[in-house]
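Coordinates in review
Each chain is listed here by its residues.
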Amino acid sequence: MDEQPLSPLSPAISVSTTVALPRQQPNATSRVDVRGIFKHLRRHLPLWVGLVILGFFLALVVAAPLIATHDPLEQDLLNRLKAPSAQHWFGTDELGRDVFSRVVYGTRVSLPSAVVVVILVTVIGSLLGAVAGFYGGLIGGVIMRLADLTLAFPGIVLALAIASLIGPSLQNMLLAACFVLWPEYARLMRSQVLVIRSQEYVTAARSYGMPERQILFKHVLPNAWTPLLIKAALDVGGILLLVSALSFFGLGIRPPTPEWGAMISEGQAKFFNWWIATFPGLAIFFVMLGFNLVSEGLRDWLDPRERQ
Amino acid sequence: MTQYFVRRLLLTIPMLIGITLVLFLLYNLIQIDPLTVIIPDVGFKNPQAVENAIREWGLDKPLPQQYLTYLANIVRGDLGTSFVTRNPVMDDLRTRLPATIELAVAALLFAGVVGIPVGLLAGFWRGSLFDRFWWLVSLINACFPPFWIGLVLLTVFWYNLDIAAGPGRLPARMDYPPTVTGFMTVDALLAGRWDAFFAALSHLVLPTIVLGGYTLAVVLRLTRAAIIEEMRKEYIRTARSKGLRERTVLLRHALRNVLLPLVTLLGLAFASLLGGAVMTETIFDWPGLGQYLVKASINLDYPAIQGGTLLIATTYILVNLLVDLLYGVLDPRVRDG
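Per-chain numbering applies: the sequence of each chain, read as written, is numbered from 1 onward. Note on labels: chains are lettered from A, ligands numbered from 1, in written order. Whole-chain, interface and lining totals are the exception, using all residues; otherwise, since this is a predicted model, local features are given only for residues with pLDDT of at least 70 and side-chain atom pairs are given and counted only at 80 or more.

1. A closer look at the overall build of chain A
- Per the secondary structure count, chain A includes 11 helices and 0 strands.
- The order of helices and strands in chain A, counted from the N terminus, is α-α-α-α-α-α-α-α-α-α-α.
- In chain A, which comprises 308 residues, the share counted as buried stands at 43%.
- The contact criterion used here is simple: two residues whose C-beta atoms, placed from the backbone, lie within 7 Å are in contact. Within chain A, contacts between residues at least 6 apart in sequence are counted, and of these 70% link residues at least 24 apart. For the purposes of this entry, the term helix denotes a DSSP run of H or I that reaches at least four residues, the term strand denotes a run of E that reaches at least two, and both are numbered from the N terminus. Counts of 20 or more other C-beta atoms within 10 Å of a residue's own C-beta define buried residues, counts of 12 or fewer define exposed ones, and intermediate counts define partly exposed ones; C-beta atoms are placed from the backbone.

2. Topic: the overall build of chain B
- For chain B, the helix and strand inventory stands at 14 helices and 0 strands.
- In sequence order, the secondary structure elements of chain B are arranged as α-α-α-α-α-α-α-α-α-α-α-α-α-α.
- By the burial criterion, 38% of the 337 residues in chain B qualify as buried.
- Once local pairs closer than 6 in sequence are excluded, the contacts in chain B between residues at least 24 apart make up 68%.

3. Brief notes about the packing of helix α6 (residues 155–166) of chain A against helix α13 (residues 302–330) of chain B
- Only the stretch in contact is used when a helix axis is fitted, and all axes are lines through C-alpha atoms; the angle between N-to-C directions ranges over 0 to 180 degrees. Packing of α6 of chain A against α13 of chain B leaves a shortest axis separation of 10 Å and a crossing angle of 165°. What the angle tells us is that α6 of chain A and α13 of chain B run roughly antiparallel. Handedness of the α6 of chain A/α13 of chain B crossing: left-handed. Judged by residue contacts, Val157, Leu158, Ala161 and Ser164 of chain A of α6 of chain A engage Ile305, Thr309 and Ile312 of chain B from α13 of chain B.
- Polar here means any residue outside two lists: the nonpolar Ala, Val, Leu, Ile, Met, Phe, Trp, Tyr, Cys and Pro, and the charged Asp, Glu, Lys and Arg; Gly therefore counts as polar. Of the residues that constitute the contact of α6 of chain A with α13 of chain B, the class distribution is 5 nonpolar, 2 polar and no charged. The cut-offs work like this: below 35 degrees is roughly parallel, past 145 is roughly antiparallel, 65 to 115 is roughly perpendicular, and the gaps in between are oblique. Crossing chirality is assigned from the near helix's rotation relative to the far helix, an anticlockwise turn below a right angle marking it left-handed and a clockwise turn marking it right-handed.

4. Some thoughts on the environment of leucine 289 of chain B
Residue and element names in this part refer to chain B.
- Considering the arrangement of structural elements, one finds leucine 289 in helix α12 (residues 289–298).
- For leucine 289 and glycine 308, which are 19 residues apart along the polypeptide, the C-alpha to C-alpha distance reads 7.0 Å.
- Excluding anything up to four places from it in sequence, leucine 289 contacts Leu93, Arg96, Leu97, Thr100, Ala277, Gly308, Leu311 and Ile312.

5. Digging into the nonpolar core
- Linking buried Ala, Val, Leu, Ile, Met, Phe, Trp, Tyr and Cys residues through C-beta atoms within 7 Å yields a set, and such a set is a nonpolar core. Val157, Ala159, Leu160 and Ala177 of chain A are the most contacted members of the largest nonpolar core, which has 155 residues in total.
- Those residues in contact with alanine 159 of chain A that sit more than four places away from it in its chain are Ala176, Ala177, Val180, Leu242 and Leu246 of chain A.

6. So, the packing of helix α6 (residues 129–143) of chain B against helix α9 (residues 194–231) of chain B
All names here are of chain B.
- Contact pair α6 / α9: the axes reach a minimum separation of 9 Å and the direction vectors enclose 140°. It follows from the interaxial angle that α6 and α9 lie oblique. You can see that α6 and α9 cross each other, and the crossing is left-handed. Together, Trp134, Ser138, Asn141 and Ala142 of α6 and Gly213, Leu216, Ala217, Leu220 and Arg221 of α9 make up the contact between the two elements.
- Here the residues of the contact of α6 with α9 sort into 5 nonpolar, 3 polar and 1 charged.

7. A few points about the interface of chain B and chain A
- Taken together, the contact between chain B and chain A spans 34 residues of the former and 33 residues of the latter.
- Sort the elements by how many residues they give to the side of chain B that touches chain A and helix α7 (residues 146–160) of chain B lands first, with 7 residues.
- When its residues are assigned to classes, the side of chain B that touches chain A shows 29 nonpolar, 5 polar and no charged.

8. So, unusual backbone geometry
- Located in the positive-phi region is arginine 86 of chain B, a residue other than glycine, with phi close to 65°.
- Relative to the elements of secondary structure, arginine 86 of chain B occurs in the loop between α4 (63–75) and α5 (89–124).

9. Here's the deal with the confidence of the model for chain A
All names here are of chain A.
- The score called pLDDT rates the predictor's confidence residue by residue, from a low of 0 to a high of 100. Of all residues in chain A, 88% attain a pLDDT of 70 or more, and the chain-wide mean is 82.
- In the model of chain A, helix α1 (residues 12–18) stands out as the element of lowest mean pLDDT, 39, in contrast to helix α4 (residues 99–135), which has the highest, 91.
- The low-confidence segment residues 1–21 (pLDDT under 50) makes 27 contacts with residues lying over four places distant or belonging to another chain.

10. Notes on the environment of glutamine 87 of chain A
- Tracing the backbone through its elements, the reader meets glutamine 87 of chain A in the loop between α3 (45–67) and α4.
- Taking the C-alpha atoms as reference points, glutamine 87 of chain A and phenylalanine 279 of chain A, 192 residues apart in sequence, are found 16 Å from one another.

This is the structure in structure tokens:
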């Protein structure tokens, strides 16, 4: 408890100011106000467009079997490498599989893996960061130095090395992604905890004899979560890119599973059969667009300095 | 001043040792027989080679001592032998590094030349049509998976329209100029080969756009944020209230102060370049570090993965060191604070 919580180098200050809660909107009315809604929509257009795009992909995840026109794994060697047509909207790949159906089913692979990674790193990173910030000392020092070391590698490079060392598979790829991503969450959580630790209500809890661990879980963690959740929401797109890049290199999700990155890799250097790589790439593009629009919108909404 | 530099330099040493430790532990945790990392498969039939390797890398010694041997070997420049190329990893890395640097410099130039002026103006004219247009461009740009957009550009501009150069550093049938520096453009000039020089330049165009575009988003966003931050300051209000023209306020007052935060940008941009190079080089068959690392990862070429990762992380740390030192030179508050 001897560490100065608000050192000038701590990013805590900027973090806590940028995350003002949206419920403090001054002109929120309870009455249904059509003009107001329209104004709100126009003002937060990126956010809503992003949400619509993501909603569309979520619908694809849920309704993939209804939307897909073919079995994504079914090979049809007589119809290999066919250009897009009324029968095969996005054409067929080298094994005669329907690219459209594979792109649609791909939502069930790429999106959930990105979400799983985000949940895992948020939990792992925030627990490690909370321990480092709350208890400090040797363990805290070790955790934060490990975080520094991990951040000394460019993410994709370390992920590549780890994924190949432990062998290509879905679980190992998720593991590699978590290994690369946890430090940012740990740093954010630690800076949050350092601020909250010195709040008066924590001192009060301590003064009537609440055990340290209980203080951490009852008072500190619940108040430290918000920025991490926002970061997690903003990170999903980037993680999806990392996951599909690893699969593109053949170190993530393996064929024949219809993963977008792996599908792009199958279409690599087949310049004449452009459709094999183009459509899964467009799928990644639109998902990224959805996530980036939402994160732009959220940032705009949450950062009071951005409001004019 | 000297104290700041010395302190910053000393802080780098544990970092460098740390990354070697991480790589060493990674290998030992996953229980790969270290011998397979050091000698190619054929060497196993030769008891003499096995024994030499055991002695050289201290494999009969306890783990901490093995680590020290590993460190000593790195210092001597011995990173083991690649399974695939059968060359010492150090030699492979040395021949591939210039290709990556050449591409990275071109990409950094592209990102800087486009990103810094556009970011400055977008922040200065915040909320204008110009600002919104570039917001949209950089948003869309940031959504393209680099490994896909490279493929699309190749398909359209090389395969279909034939107005851009294809993969590789030179056309397939062209003789390579003798290697002096490893930078294709420089080597071509040194050999007086203008045809090779222009061919090398044209082969740089598409990969530069892909890799530079990947970095552009970072550059643009940071520059814009920096100028917005700067324009809020009191001295800008003073300058405006004196009746100075907006152009003078931007160029004479804000710009000078905004250049400083832009130095940090160099470090961040470099990080995204190294990450982007891995994807860009694969698509464009660019014989650099990124492609080497990807091939090594696919072929489970452990010594090459280990050496390549080590080199990239070391470069990254050294660039950050350089950025910090530069910052200290430019801003007295940093070194004295």
